[in-house]
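Coordinate analysis (summary)
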Amino acid sequence: MELGLWVSILPSVFAILLAMITRQVIPSLLAGLWLGAFIKSPGFLSSLSGTISYILAMLSDTGNLDVLLFLYVFSGLVTMIQLAGGVSGFTHLMERVVQSARGALLSVAALAPITFIDCGFRVVAAGAVTKPLAKEFKVSPERLAFTLNNTASPLISLIPIATTYVGYMLGVLAVGLRSAGVAGSPFIIFLQTIPFNFFSFTAILTALLSIFSPWQFREMAEADKKAALEDGERHKPAPKGIKNNVRGVRGVPAFGHEAAEDLTPGEARRLDTARDQMGTAAGKDINVTSSKHNENEMKKSNGEGPNAPVNMEHDHDMEIKSKLPPRALNLLIPIGILIPLSFLMVWLDGRAKGDTLLEIFSQANASRAMFQALFLTTVITALLYLLQRLSLKDLTNGFIKGGNKLMVTIVILVVAWPIATVSRDLGLPKLIETTLGATLPAVWVPAAAFVITAAVTYFIGSSWGSWALMMPLAIPLAAASGASIPLAAAAVFSGGTFGDVTSPLSGMTAMSSGVAEAEHMSYVRAMTPYNLTAGAAAALLFVVVPMLI
C-alpha cells in the first residue's frame, strides 16, 4: 500500500474534526475541499483554482441541479400552503375529534399523511394543531416536544417520494456511490435502505409506546406530573356529560387529569375559549414561540447567539402569516396532486428503459422526474390560490422566502459533493480496499457506520451535514469489505437521524422545544433516555442483522 494514499482521507477527516470544533458545517466542508485541492495541486493559486473547479464541475451536472432545484421549490411550496391557510384550516378539523391527552398526542402521529413533506413543516404544522389541545389536557411541553420530534425526521427519512428529504438523501447516496466507484441507481439503493433504517423505526416506536407505558424515565415523569398539577381547580365537579377519560400512570397523571376526572365548568369554558382563539390565531398567523427563553433558544439554533450551535440545514422561520381564511383543502389538494404525480412521472421516465416495474424505477431518472412532478404541482397550486384571490405578489414573495429557508442545505450539498470527488481523485477507494476492506469484518461495517455517524451528528447537530461527511466513507468501506451497501447506507442515515432528534445542538431539537414551549434543556434531559434506548436497540440490530443476511 502506498503511504501517499493516506492523504485521501484528510479532506473528510479534517472537515469532520473542524465541524466538531467550530460547530459550523459549511466552512468546515469548504476547508476540507480546499485541503484536498491543495494536496492534489500544491500552491495557493492552484489549489484555489482547483477548489472552484471542483465546485463548478458539480454544478454543471444536470442531476445535481435537479436535486438543488427540488429542494428550493419544495420549500417554496410549503410556504405557499401556509400562506393559503392550509395548515390553520386543518387545525380546525382536528379540534373536533380530539377529546383526551392521549388523543392529543396520538393526533401528532395521525397528522403524518398531511405533514410528511418536510420535518420542519411537520413540527410547525402538527405543533400548531396539537399545542392548544395539549395545553387544555395538561400534556407536558416536554412530552409534546418529544412526540413531535421523534415523529418528524425519523418518519420522513423513511418516505421515498414527495419529501424534501428524498432529494437530499439521493444526492448523498450518489456521492457515496461515486466515491466507491460503484454503479447503480441511488433511488433503488435508497429503497433498499428503508427496511434497515433501524433507528427511525425504534425512535418512532419508543415515542408512541411511551404514551401508553405505565413506566416512564424520571425526568419525563416529573414533567408530566408538573403539567398535571398545574391547574388548582382540577378536583372540582364538572357539569354532567363533560368527561376527561385519561388514565393515570401508577398514581401519577401521566399526561393529563387524573383517571376519570371531570372537567370543571371553568375548564370547559377555557376549552371553548381556547378553541375559538386557536381558530382566530390560525387564520392570521402561526406563531409557535411565546416565551422569551424559547425565542432565545431559536435564535441560538439559527446561529444568532454567542453560543449558537451548528448553522443547521433549515432556516426555521417560525412565523408565517396566512393571507386566506383557514381552508384544509389548501393543504390536502397539493399533497393529493404531488404524491401520485411523482409516481407517474418516475414511471413515464423509466418505462422506455425497462420492462418490469423494478427495471422501470431503477432505470428512471428519479431526481428529474420528481422535480417535474413538484414543478407541475407548484404551478397548479399557485393557480388554485390565485383563484381564491391570494395575490401573485404574496405568492411570489412567499415562494422565494420559503425557498431561501433551504439555502443553507443547498450550500452544504454544493460544498460536500466535491469533497467526495477530490477524495476519490486522491485514492480513497484504493486506501479503503487495502486497509479496512481487508481487516474489518463485513458484519461490523454497519454498526461502526451507525455509531460513528451518530457521534458526529450529536456533536455538530446536523444530520444532513453528517450524511454528507460520512456517506462518502461508509459506502466505499462497505464495497471494499464486502458488506451490504444498502445496510451501510442505512446505518449512516440512522446515525444522522439519532443526532438530529437527540443532540441539544440540533435545529430540530431546538425547534421542537420552541414549538411545544418547553424549556430547551429540560426537554433534552427528558427525552435523552428514550432516544438512547432507541439508539441502543438500533445498534444491536446493526450488529445482528448483518449476521443473518
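Residues numbered from 1 in each chain as written. Predicted model: local features only at pLDDT ≥ 70, side-chain atom pairs only at ≥ 80, totals over all residues. Heavy atoms only, no water.

The number of helices and strands found in the chain is 28 helices and 4 strands. For the chain, with 549 residues in total, the buried portion stands at 59%. Considering only contacts within the chain whose residues lie at least 6 apart along the sequence, 81% involve residues at least 24 apart. Just so you have it, the chain exposes about 21,100 Å², and 66% of that area is on carbon and sulfur atoms. (Helix = DSSP H or I, 4+ residues; strand = E, 2+ residues; numbered from the N terminus. Buried < 20%, exposed > 50% of the residue type's maximum accessible area, 1.4 Å probe, protein only. Contact = heavy atoms within 4.5 Å. Areas by Shrake-Rupley, 256 points an atom, 1.4 Å probe, with all protein chains shown as cover.)

Before going further, it helps to examine the environment of Leu10. One can find Leu10 in helix 1 (residues 10-22). The class of Leu10 is partly exposed, set by a relative accessible area of 36%. Put simply, Leu10 and Ile39 are 29 residues apart on the chain and 9.3 Å apart in space, counted from C-alpha to C-alpha. Leave out the neighbours within four places in its chain, and Leu10 touches Ala15, Leu35 and Ile39.

Time to look at helix 17 (residues 329-350). Taking 1.5 Å of rise per residue, the 22 residues of helix 17 would be expected to cover 32 Å, and the 32 Å separating its terminal C-alpha atoms lies within 8% of that figure. Within helix 17, the full set of buried residues consists of Asn330, Leu331, Pro334, Ile335, Leu338, Leu341, Ser342, Met345, Val346 and Gly350. (Expected span 1.5 Å × (residues − 1).)

Turning to the packing of aromatic side chains, a few remarks are in order. Inspection of the entire model under this criterion finds 14 aromatic pairs. Seen from their ring centres, Trp467 and Phe493 are 5.1 Å apart, and the 80 degrees between their planes marks the pair as edge-to-face. Residue Trp467 is found in helix 25 (residues 463-481), and its partner Phe493 is found in helix 26 (residues 485-502); the two are separated by 26 residues along the sequence. Each of the two residues, Trp467 as well as Phe493, counts as buried. Taken together, Tyr165, Tyr168, Phe190, Trp467 and Phe493 form an aromatic cluster joined through their ring pairs. (Phe/Tyr/Trp six-rings, centres within 6.5 Å; stacked < 30°, edge-to-face > 60°.)

Quick look at the pattern of salt bridges now. Under the criterion given, the structure shown has 4 salt bridges. Ionic pairing is found between Arg368 and Asp66, a salt bridge with its closest N-O pair at 2.9 Å. Taken together, the residues span a long stretch of sequence, with Arg368 in helix 19 (residues 366-387) and Asp66 in helix 4 (residues 62-83) at a distance of 302 residues. By relative accessible area, which is 3% here, Asp66 ends up buried. Among the salt bridges present, the one from Glu222 reaches Arg218, with a minimum N-O distance of 3.5 Å. In this pair, Glu222 and Arg218 are both assigned in helix 14 (residues 218-228), 4 residues apart and thus about one turn of the helix distant. Judged by relative accessible area, which is 43%, Glu222 ranks as partly exposed. (Salt bridge = Lys/Arg side-chain N within 4 Å of Asp/Glu carboxyl O.)

Where nonpolar side chains cluster on the molecular surface, the patch consists of Trp34, Phe38, Phe44, Leu45, Leu48, Ile52, Leu56, Leu59, Leu65 and Leu69 and spans about 920 Å² of accessible area. Counting residues per element, the nonpolar patch draws most heavily on helix 3 (residues 44-59), at 6 residues. With respect to the secondary-structure elements, Leu65 resides in helix 4. Accessibility expressed as a relative area gives 33% for Leu65, which makes it partly exposed. (Patch = residues over 30% accessible without salt bridge, like charges linked within 9 Å, V, L, I, M, F, W, Y side chains within 5 Å.)

A word on helix 25. Here helix 25 is 19 residues long and its end C-alpha atoms lie 25 Å apart, about the 27 Å a rise of 1.5 Å per residue gives. In helix 25, a bend of some 40 degrees at Met470 exceeds every other bend along the element, and Pro472, a proline, comes one to four places later. Among the 19 residues of helix 25, 17 are classified as buried, and the element is accordingly described as predominantly covered. Directly after helix 25, the chain includes Gly482, whose backbone phi takes a positive value near 90 degrees. (Bend = angle between axes of the 7 residues up to and from the residue.)

Attention now goes to the packing of helix 4 against helix 19. In contact at an axis separation of 9 Å, helix 4 and helix 19 are set at 25 degrees when each is read in the N-to-C sense. In terms of orientation, helix 4 lies roughly parallel with respect to helix 19. Regarding helix 4 and helix 19, the two cross each other, and that crossing is left-handed. Of the residues in helix 19, those in contact with Thr62, Gly63, Asp66, Val67, Leu69, Phe70, Val73, Phe74, Leu77, Met80 and Ile81 of helix 4 are Ser367, Arg368, Met370, Phe371, Leu374, Thr377, Thr378, Thr381, Ala382 and Tyr385. Here the residues of the contact of helix 4 with helix 19 are counted per class, giving 13 nonpolar, 6 polar and 2 charged. (Axes fitted to C-alpha atoms, helices over the stretch in contact; angles between N-to-C directions. Parallel < 35°, antiparallel > 145°, perpendicular 65-115°, else oblique. Left-handed = near helix turned anticlockwise from the far one by under 90°. Nonpolar A, V, L, I, M, F, W, Y, C, P; charged D, E, K, R; others polar.)

Let us look at the environment of Val492. Positionally, Val492 belongs in helix 26. For Val492, a relative accessible area of 0% puts it in the buried group. Through-space distance from the C-alpha of Val492 to that of Ala447 is 9.4 Å; in sequence the pair is 45 residues apart. The residues touching Val492, leaving out its near neighbours within four places in the chain, are Ala449, Thr453, Trp467, Met470, Met471 and Ala474.

Without other data, these values stay purely geometric and don't point to any function.
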